[in-house]
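# Chains, contacts and geometry: an overview
Each chain, written out:
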Amino acid sequence: MGGALDVNEFVAGYLVEVEEHLSASTANLLAAEAALRGGESSPKAIRELFRALHTIKGLSAMVGVEPIVDLAHAMETVLRAADRSAGSLSASSIEVLLRGLRSIEERARALAEGKPVLPAAPELLAALTALDLAAAPSPPVPTIGADPEILAKLGPGERVQLAQGVAGGRRALRVDFVPSPARTAEGVNITTVRERVGKLAEIVKVIPLSVPASEGAPGGIAFALLVLTSAPDEEVARAAAADGVRALTVELPVPPVVAALAEREPDEPADREPQLRGVVRVEVARLDDALDKLSALVVTRFRLARAAADLRSRGVDTRDLSEILREHDRTLRDLRGAIMRARMISVAELLERVPLVVRGLGRATGKQVRLEIDAGKAELDKAVAERVFPAIVHLLRNAVDHAIEPPAERRRLGKTEEGVVRVSCFERSSNQLELSVADDGRGIDRALVARRAGRPAPESDAALLDLITLPGLSTLDQATKTSGRGLGMDIVRRIAVEQLSGELSVSTSPRAGTTFTLRIPLTLTIVDAFSFLCGDQLFVTPVAGVEEVVEIDAARVLRGPAPGEARGGAMLPAPGEARGGAMLPAPGEARGGAMLPAPGEARGGTMLPAPGEARGGTMLPAPGEARGGTMLIERRGEVVPLVDLGALFELGASPARRALVVRRHGAPFAFGVTRVIGQQEVVVRPLEDPLVRVPGVSGSTDLGDGRPTLVLDLVTLSGRLSAGRGGRGALARVAS
């Protein structure tokens, strides 16, 4: 990844993580103290405390908060020794460790407030060192004999680590590696050197150094590796591609007593006013519970409205009750908004991990990639965010591994060596988010994808998307650590379309790049929906998926033939069945065993028109646009395929008077319904039973009558019908 990584972008997430681990550490340390008072050891609490501090140390090193790194490392060393002694800690050890946790908390608070982070107190570090080395034969505080440039970059944690290694009988060495173009050409760089030296020694620290540029060091940089080892010097030097090694002198004087620290450092004042950040952290489970209670209120509102309508039908004066219901509706909508806002997280927060993902992918593939993120102020429900993030990761892998060219190829094409990946998003409406992942790479090779899939080359982006989302399809000959198994794009499609009832689209140009766009709802549980009738059956569909509700003018409807119906009205045989009931040959096989012409090729060699093109050049509806009793309507100069939902679901012959228009891959599709009842909030319950899950049906809801009402995903249903996979029988069974 090109350019320096700005760690300030991760500070907010870092502070949240540190706060969580500090809370867990305090609880475990108090549990160890309680066990000590009972005369017992606490190995589990000690081990959990060690893991939490180890995580704090790693996170602090990532964002460069060295004082916390030093404190956590010293405490970690104490706990490692305690774990080796079956989880035993003394009372004085617990006191010093509590002071260490308080010191980490103070420095994290200073970072959050934008104040300078003070170095770790030497007395505290010395006390922690004494706790660790008290049980050892030689309990020293180390003094390292090395160049001033090395000592300036060597923290107390590394000094303790070197001292422990020397006390354990190993040698402390400094090994210098100088990179050069010749060594890079041989595959020798700092990464490979670390891997090879790591097999022979414990690497304490790798310190970059500036050196005068010369023939041996053309880049003016070198790396000093400080290691602990028992291997011969020659082997270590050979592994590091160095001319030799230098020994480090480590002096081990007697440490200060721990008790002195407790006397000098007073307890925290009892009257100190707590520092509040104005944020209350609430478990997601509690927010889910509040949403469930709100869902019950929504259903109750439907029941109340039905009861009021029943009273009016019997002549009861319900004017006061109607006013109360209207006020109740406003309050309930405000409550819904408040709870949903509490569940919302910013998309910028969701994308905080993306830079590290792209950075790792760039290193793994050897490509230079610059990431650009434009999240604006968009927000979405935490449940939706957790579902969509894996899809974003797969799209990023696809962009870096497949789309962005290696630096040499980009130079040959006249591009900059550094590829660009852009992640952007914005709210399209009050209930839908549009998120795109774009790159400036090579674009998608349609011919290659078609060969891999064994299908004709797609002419449109929508057809291309159908191919690249096929399960198991990959353009790589061999799978790598990052991609190549043919699952990534299929996972993206299932998350965006099936799980989130959204839409996925692609736009690509050769040598210019590719853009994948996801349109997903901001929330899944309580949504605004249209309710409508097909015959006597009631359905609902989310408002976010409907582009327009239009009147159907029967005089201007063109009807296409249904499957199995010839243009003259005679019935055609079902696929694979001859007119007399005998089976027809398989596709491409003549009755006598000879091969039939490929699709689009006439028997005499003359080319037939492409799908969707009439023989005279006039465009026919796309596949699926004139099937299943499908009709065509005109809307502002645009021809739109129309499917009667009542006929599709086999719910009777009530004429369709209204149409709900949706758009998939930019193409409109209309669904005819008997009557549109209105718009309302509904609680969507997913269909968990795999026996009743059908594409196009996203869940069910209760409109107050105690009966489940199906929630239709018309965008997905239009895609199934366009591809000729309507599943008519399954849909009819679910609808009934």
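Residues numbered from 1 in each chain as written. Predicted model: local features only at pLDDT ≥ 70, side-chain atom pairs only at ≥ 80, totals over all residues. Heavy atoms only, no water.

The helix and strand inventory of the protein stands at 23 helices and 24 strands. Across the 736 residues that make up the protein, the buried fraction comes to 41%. When contacts within the protein are restricted to residue pairs at least 6 apart in sequence, long-range pairs at least 24 apart make up 68% of them. Surface summary for the protein: the accessible area is close to 38,800 Å², and the carbon and sulfur share equals 53%. (Helix = DSSP H or I, 4+ residues; strand = E, 2+ residues; numbered from the N terminus. Buried < 20%, exposed > 50% of the residue type's maximum accessible area, 1.4 Å probe, protein only. Contact = heavy atoms within 4.5 Å. Areas by Shrake-Rupley, 256 points an atom, 1.4 Å probe, with all protein chains shown as cover.)

Note: strands within a sheet are paired through backbone hydrogen bonds, in either parallel or antiparallel orientation. On the basis of which strands lie adjacent, the open sheet formed by four strands has the order β3-β4-β2-β5 and antiparallel pairing. With one partner strand each, in any of the chains shown, β3 (201-210) and β5 (245-247) form the two edges of the open sheet. Here the strands of the sheet are splayed against their neighbours by 25° on average, with no regard to which way each runs. Of the strand pairs in this sheet, β3 and strand β4 (residues 221-229) are connected by nine bridges, and their pairing is antiparallel. Residue pairing across strands places P208 opposite F223, the latter belonging to β4. Relative to the sheet, helix α9 (residues 190-198) contacts β2 (171-177), β3 and β4, its axis offset from that of β3 by approximately 155°. (Pairing = 2+ DSSP bridges. Axes fitted to C-alpha atoms, helices over the stretch in contact; angles between N-to-C directions.)

Before going further, it helps to spend a moment on the pairing of strand β15 (residues 537-542). Relative to β15, strand β14 (residues 526-534) runs antiparallel, the two sharing six bridges. Note on β15: the bridge partner recorded for S531 is V540. Between the antiparallel neighbours β14 and β15 lie two residues, among them G535 with a positive phi of about 65°.

Once that is clear, we can look at the environment of A309. By the secondary structure assignment, A309 is in helix α12 (residues 284-313). Take A309: its relative accessible area is 35%, and that puts it in the partly exposed class. Distance in space between the C-alpha atoms of A309 and S322 is 9.4 Å, their sequence separation being 13 residues.

Take the pairing of strand β21 (residues 667-673) next. Judged by how many residues are buried, β21 sits mostly within the fold: six of seven residues are covered. Both strand β19 (residues 638-644) and β21 contribute to a ladder of three bridges, which runs parallel. Residue pairing for β21: L642 is matched across the bridge by A670. Hairpin geometry of strand β20 (residues 658-664) and β21 is characterised by an intervening segment of two residues between the two adjacent antiparallel strands and by a positive phi of about 55° at H665.

What follows is about the confidence of the model for the protein. The predicted model of the protein averages 75 in pLDDT, with 74% of residues at 70 or higher. Confidence scores differ between elements of the protein, with helix α11 (residues 258-264) showing the lowest mean pLDDT of 41 and helix α17 (residues 407-412) the highest of 91. Confidence drops under pLDDT 50 across residues 133-141; counting only partners more than four residues distant or on other chains, this segment forms 16 contacts. Taken as a whole, residues 254-278 scores under 50 in pLDDT and shows 29 contacts with residues more than four places along the chain or in a different chain. (pLDDT = per-residue confidence, 0-100.)

Before going further, it helps to examine the packing of helix α16 (residues 382-403) against helix α20 (residues 488-499). Close contact between α16 and α20 brings their axes to 9 Å; oriented N to C, the two are set at 150°. Between α16 and α20 lies a crossing whose hand is left-handed. Across from R387, V388, P390, A391, H394, L395 and N398 in α16, the residues of α20 making contact are G488, M489, I491, V492, I495 and Q499. Within the contact of α16 with α20, the residues separate by chemical class into eight nonpolar, four polar and one charged. (Left-handed = near helix turned anticlockwise from the far one by under 90°. Nonpolar A, V, L, I, M, F, W, Y, C, P; charged D, E, K, R; others polar.)

Note that T469 resides in the loop between α19 (461-468) and α20. A distance of 2.7 Å separates a polar atom in the side chain of T469 from the backbone oxygen of L465. (Polar contact = N/O pair within 3.5 Å; in protein donor to acceptor, adjacent residues only side chain to side chain.)

Turning our eyes to something else, we now look at the pattern of salt bridges. What the rule picks out here adds up to 38 salt bridges. In this structure, the salt-bridge partner of D176 is R246, at a minimum N-O distance of 3.0 Å. In this pair, D176 is assigned in strand β2 and R246 in strand β5, connecting sequence segments 70 residues apart. On the basis of relative accessible area, D176 is assigned to the partly exposed category, the value being 25%. The salt bridge involving R314 is made with D310; its shortest N-O contact spans 3.0 Å. With a relative accessible area of 58%, R314 lands in the exposed category. Residue classification places D310 among the partly exposed positions, given a relative accessible area of 39%. (Salt bridge = Lys/Arg side-chain N within 4 Å of Asp/Glu carboxyl O.)

A few words now on the nonpolar core. It is characteristic of soluble globular proteins that their nonpolar side chains tend to be buried jointly. L380, L396, V421 and L518 are the most contacted members of the largest nonpolar core, which has 50 residues in total. Excluding residues within four positions of it along the chain, L396 makes contact with V354, V357, V358, L361, V421, V423 and V437. Counting 35 residues, the second-largest nonpolar core is a separate cluster that includes M75, V78, L79 and L131. (Core = buried A, V, L, I, M, F, W, Y, C linked by side-chain atoms within 4.5 Å.)

Turning our attention to the packing of helix α18 (residues 446-453) against α19. The interhelical angle for the contact between α18 and α19, taken along N-to-C directions, is 45°, at an axis separation of 10 Å. Judged on the interaxial angle alone, α19 and α18 are oblique. Judged by the sense of rotation from one axis to the other, the crossing of α18 with α19 is left-handed. Of α19, the residues touching α18 (which contributes R446, V449, A450 and A453) are D461, L464, L467 and I468. Partitioned by chemical class, the residues of the contact of α18 with α19 number six nonpolar, no polar and two charged. (Parallel < 35°, antiparallel > 145°, perpendicular 65-115°, else oblique.)

All right, on to the packing of aromatic side chains then. In total, this model carries three aromatic pairs according to the counting rule given. In this structure an aromatic cluster arises from ring pairing among F532, F539 and F649. (Phe/Tyr/Trp six-rings, centres within 6.5 Å; stacked < 30°, edge-to-face > 60°.)

Its identity as a non-glycine residue notwithstanding, A241 has a phi of 55°, on the positive side. Examined against the element boundaries, A241 turns out to sit in the loop between α10 (233-239) and β5. Its identity is not glycine, yet E650 carries a phi of approximately 60°, on the positive side. Relative to the helices and strands, E650 is located in the loop between α21 (645-648) and β20. Accessibility expressed as a relative area gives 52% for E650, which makes it exposed.

Between its first and last C-alpha atoms helix α13 (residues 319-343) spans 36 Å; for 25 residues at 1.5 Å apiece the expected length is 36 Å, and the two agree. Taken together, the buried positions of α13 are occupied by S322, L325, L332, R336, I339, M340 and R343. (Expected span 1.5 Å × (residues − 1).)

Between its first and last C-alpha, α16 extends 30 Å over 22 residues, near the 32 Å set by a 1.5 Å rise per residue. Capping of α16 at its N-terminal end is provided by D381; its side-chain oxygen lies 2.7 Å from the backbone amide nitrogen of A383.

What follows is about the environment of R194. Mapped onto the fold, R194 is located in helix α9. The exposure class of R194 is partly exposed, given its relative accessible area of 43%. Considered as a pair, R194 and L225 are 31 residues apart in the sequence and their alpha carbons are 8.5 Å apart. Excluding residues within four positions of it along the chain, R194 makes contact with I203 and V206.

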